[in-house]
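Chain by chain, the residues run as shown.
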Amino acid sequence: MNGDAARTVLDLFHGARLTPTQRRIAHSLVEHAAKAAYLSAAEVADLAGVSQPSVTRFAMALGYEGYPALRRRLRELTGDAPEAAAEGNAMQLAVRAETEHLSRLHDQLARLDDVERAAQLLINSRPLPVLGLRAAAPLAGYFGYFAAKVHPDVRVLDSGGTPLLDRIDQARAAGADALLAVVLPRYPRESLEAIAEAKRAGYAVVAITDSAVSPVADRADVVLPAAVGTQLVFDLHTGPMAMAMVLLQAMCDAAPEPVQRRLEEFEATAARRHIFMA
């Protein structure tokens, strides 16, 4: 995907207050930025999984008379020709789409301001809560597993219910001042409620999510977007996983001496206990 086209399309939605359905439409247009200006309202509706009238209301929410006016504006801004039809079976196309997501992430990381700001917030939080519910739980656990090698107190919050808010309060009472939230489609309501509670408690919130217009975007202090694959029955999280590891690397870079000491201590313990085969 053309990274410049994606940023141009995204700029159209910046600052707009959109409903969850309208965010899905915006996300679909960003995902298909290179051909967005040539899609019909029906095609956009099909990509986003919404009704055609929803696409019209979306355009009007952005200040246009209807979708045709929005499409004309997209053509003026992008000037892109439609993408050539991709070749391959459905599985190949899904994997190819992931390479496009990673390419866009590569372009996005040309500026590391947000990543570095997030890393500073997280590496200095004691303890460090990592929130991830439902589809995001495995990624929260993956991040937490490796983060625990370089951070003295990582607390993965991957189950909901009233104990979740208790654990957020307990971490805050123990000194935590920043929280990492992984929020992926279909955006669990409980995740958003937990983030709102964390903000009320005084946390700075760093969010890894699929899009800069996801529901968590206006609730977090730092948003690190990475697109998910949507061409299979269940989403592919290659992009968010890459972003999580980039963030962890930035945390290591933010405190090199303590991180190196903890890594050496872990390696010594692993060798003494014969934890690994190699």
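This report concerns the structure included in the present document. (Residues numbered from 1 in each chain as written. Predicted model: local features only at pLDDT ≥ 70, side-chain atom pairs only at ≥ 80, totals over all residues. Heavy atoms only, no water.)

Its 13 residues give helix 10 (residues 189–201) an end-to-end C-alpha distance of 19 Å, which sits within 8% of 18 Å, the value for a rise of 1.5 Å per residue. After helix 10 finishes, the residue Gly202 shows a positive phi value of roughly 105°. (Helix = DSSP H or I, 4+ residues; strand = E, 2+ residues; numbered from the N terminus. Expected span 1.5 Å × (residues − 1).)

In a regular helix each residue adds 1.5 Å, so 18 residues correspond to 26 Å; helix 12 (residues 256–273) covers 26 Å between its end C-alpha atoms and thus fits that length. Looking one or two residues past helix 12, His274 carries a phi angle of roughly 55°, positive in sign.

What the 5 strands build is an open sheet, ordered 2-1-3-4-5; its pairing is parallel. Two strands in the sheet have a free side with no partner beyond their single neighbour: strand 2 (154–157) and strand 5 (222–225). For this sheet the average axis-to-axis angle between neighbouring strands, irrespective of direction, equals 15°. Pairing of strand 4 (residues 204–209) with strand 5, which is carried by 4 bridges, proceeds in the parallel orientation. Directly across from Val206, in strand 5, lies its bridge partner Val222. Strands strand 1 (128–132), strand 3 (178–183), strand 4 and strand 5 of the sheet are contacted by helix 7 (residues 113–123), whose axis makes an angle of about 125° with strand 5. (Pairing = 2+ DSSP bridges. Axes fitted to C-alpha atoms, helices over the stretch in contact; angles between N-to-C directions. Contact = heavy atoms within 4.5 Å.)

It is worth spelling out the side chain of Arg104 at this point. Structurally, the position occupied by Arg104 is in helix 6 (residues 90–108). In this structure Arg104 comes out as buried when scored by relative accessible area, which is 13%. A polar atom in the side chain of Arg104 sits 3.3 Å from the backbone oxygen of Val30. (Buried < 20%, exposed > 50% of the residue type's maximum accessible area, 1.4 Å probe, protein only. Polar contact = N/O pair within 3.5 Å; in protein donor to acceptor, adjacent residues only side chain to side chain.)

Scanning the model with the defined rule gives 3 aromatic pairs in all. Ring centres of Tyr145 and Phe146 lie 4.9 Å apart, and the angle between their planes is 85°; on these two criteria the pair is classed as edge-to-face. An aromatic cluster is present here, built from Tyr142, Tyr145 and Phe146 joined pairwise through their rings. Directly above the ring of Tyr145 sits Lys149, whose terminal nitrogen or CZ lies 3.6 Å from the centroid. (Phe/Tyr/Trp six-rings, centres within 6.5 Å; stacked < 30°, edge-to-face > 60°. Lys NZ or Arg CZ within 6 Å of the ring centre and 35° of its normal.)

As a further point, take the nonpolar core. By size, the foremost hydrophobic cluster in this structure holds 35 residues, and its most contacted members are Leu122, Phe143, Leu180, Leu224, Leu247 and Met251. Looking at this core, the elements with two or more residues in it are helix 7, strand 1, helix 8 (137–147), strand 3, strand 4, strand 5 and helix 11 (238–254). Counting residues per element, this core draws most heavily on helix 11, which supplies 7 residues. For Met251, the residues in contact, after removing those within four places along its chain, are Ala119, Leu122, Ile123, Leu128, Phe143 and Val259. Formed by 25 residues, the second largest nonpolar core is a distinct cluster that contains Leu29, Ala37, Ala45 and Phe58. (Core = buried A, V, L, I, M, F, W, Y, C linked by side-chain atoms within 4.5 Å.)

What follows covers the side chain of Asp210. Structurally, Asp210 can be placed in the loop between strand 4 and strand 5. We note that Asp210 is buried and unpaired, the nearest opposite charge coming from Arg104 at a distance of 8.0 Å. Side-chain polar atoms of Asp210 contact the side chain of Thr209, separated by 3.3 Å. Setting aside residues up to four positions removed in sequence, Asp210 forms contacts with His27, Val183, Leu184, Pro185, Tyr187, Ala226, Ala227 and Val228. (Lys, Arg positive; Asp, Glu negative; His and termini not counted. Salt bridge = Lys/Arg side-chain N within 4 Å of Asp/Glu carboxyl O.)

Across the interface, helix 6 lies against helix 11 with an axial gap of 9 Å and an inter-helix angle of 30°. By the criterion of interaxial angle, the relationship of helix 6 to helix 11 is roughly parallel. Here helix 6 and helix 11 pass one another in a crossing that is right-handed. In this structure, helix 6 uses Glu98, Leu102, Leu105 and Gln108 to contact helix 11, whose residues at the interface are Thr238, Gly239, Ala242 and Met243. Per-class residue counts for the contact of helix 6 with helix 11 are 4 nonpolar, 3 polar and 1 charged. (Parallel < 35°, antiparallel > 145°, perpendicular 65-115°, else oblique. Left-handed = near helix turned anticlockwise from the far one by under 90°. Nonpolar A, V, L, I, M, F, W, Y, C, P; charged D, E, K, R; others polar.)

Of all the 6 residues making up strand 3, 6 are buried; the element is thus mostly covered by neighbouring parts of the structure. Burial of strand 3 is two-sided: the residues Ala178, Leu180 and Val182 facing one way and the residues Leu179, Ala181 and Val183 facing the other way are all buried. Sheet topology places strand 3 next to strand 4; 6 bridges connect them, and they run parallel. Looking at strand 4, one finds that Ala178 is bridged to Ala204.

For the rest of this paragraph, the subject is a nonpolar patch on the surface. A cluster of nonpolar side chains, contributed by Tyr142, Tyr145, Phe146, Met241, Ile275 and Phe276, occupies part of the molecular surface with about 550 Å² of accessible area. In terms of residue count, the dominant contributor to the nonpolar patch is helix 8 (3 residues). Mapped onto the secondary structure, Tyr142 falls in helix 8. (Patch = residues over 30% accessible without salt bridge, like charges linked within 9 Å, V, L, I, M, F, W, Y side chains within 5 Å. Areas by Shrake-Rupley, 256 points an atom, 1.4 Å probe, with all protein chains shown as cover.)

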